[in-house]
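Secondary and tertiary structure notes
Take a look at the letters that make up each chain.
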Amino acid sequence: QAQLVESGGGLVQPGGSLRLSCVASGFILRDYAVGWFRQAPGKAREGISCHESSDITAYYRDSVKGRFTISRDNAKNMAYLTMNNLKPEDTAVYYCAALAQKLGDQQMCVQGERRGESGMDFWGKGTLVTVSS
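Residues numbered from 1 in each chain as written. Predicted model: local features only at pLDDT ≥ 70, side-chain atom pairs only at ≥ 80, totals over all residues. Heavy atoms only, no water.

1. Let's talk about the side chain of arginine 72
Keep this limit in mind: We count a stretch as a helix when DSSP gives it H or I for four or more residues in a row; a strand needs E for two or more, and each element gets its number in order from the N terminus. Working definition: with a 1.4 Å probe on protein chains only, accessible area under 20% of the residue-type maximum means buried, over 50% means exposed, and in between means partly exposed. In this tally Asp and Glu are treated as negative and Lys and Arg as positive; neither His nor the chain ends contributes. By convention in these notes, a salt bridge is any Lys or Arg side-chain nitrogen within 4 Å of a carboxyl oxygen on Asp or Glu. We define a polar contact as two N or O atoms separated by no more than 3.5 Å, with the added condition that, inside protein, one atom must be a possible hydrogen donor and the other a possible acceptor, whereas residues neighbouring each other in sequence contribute only through side-chain atom pairs. Contacts are residue-level and defined by heavy atoms, with any inter-residue pair within 4.5 Å sufficient.
Structurally, arginine 72 is set in strand β7 (residues 68–73). One buried charged residue, arginine 72, remains without a salt bridge, the closest side chain of opposite sign being aspartate 105 at 7.8 Å. From its side chain, arginine 72 meets the backbone oxygen of leucine 29 in a polar contact 2.8 Å long. A polar side-chain atom of arginine 72 sits 3.0 Å from a polar atom in the side chain of asparagine 74. Those residues in contact with arginine 72 that lie beyond four places of it in its chain are Leu29, Arg30, Tyr32, Ala33, Val34, His51, Glu52, Ser53, Met78, Ala79 and Tyr80.

So this is what it looks like as structure tokens:
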């Protein structure tokens, strides 16, 4: 019954912004690290940003650093990805994931990329972001 559900995707023009949400149910998100991943058509899944609950800092992929921000509201059992200055190459299905295992922020993203389904405790089903004029 535990699950993650993403929302907030849609069509946006280049330079625009979107805020993705991820709500956890059936488990306590504050006990888990959270990651955001994306997969564009014909491309491999890539880790965008990962964050351990107790950590002030977070890991960001170079291609989104300075444009995207990961955040969370543990009281609401939710995580967010704020995306600014969106580019056409940001078009992808975006997934949130949760992991109880204590890894560094970057290593969490690496594990999600390398192992996919088995690399995280929970995955959402994704929300599509399309950046086009």
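2. Structural notes on the pattern of salt bridges
Taken as a whole and assessed by the stated rule, the structure comprises five salt bridges. Between arginine 61 and glutamate 113 there is a salt bridge, with its nearest N and O atoms 2.4 Å apart. Of this pair, arginine 61 sits in the loop between β6 (59–60) and β7 while glutamate 113 sits in helix α1 (residues 105–115); the two residues are 52 residues apart in sequence, bridging distant segments of the chain. One connected set of salt bridges, linked through shared partners, spans Arg38, Glu46, Arg61, Arg67, Asp90 and Glu113.

3. Some points on the pairing of strand β1 (residues 3–7)
Worth spelling out the cut-off: Here the rule is simple: two strands pair whenever DSSP picks up at least two bridges between them.
Residue alternation in β1 divides its side chains into a buried set, Leu4 and Glu6, and an unburied set, Gln3, Val5 and Ser7. Inspection of the sheet shows β1 paired to strand β3 (residues 18–25) by five bridges, in the antiparallel sense. Its bridge partner lying in β3, valine 5 is registered against valine 23.

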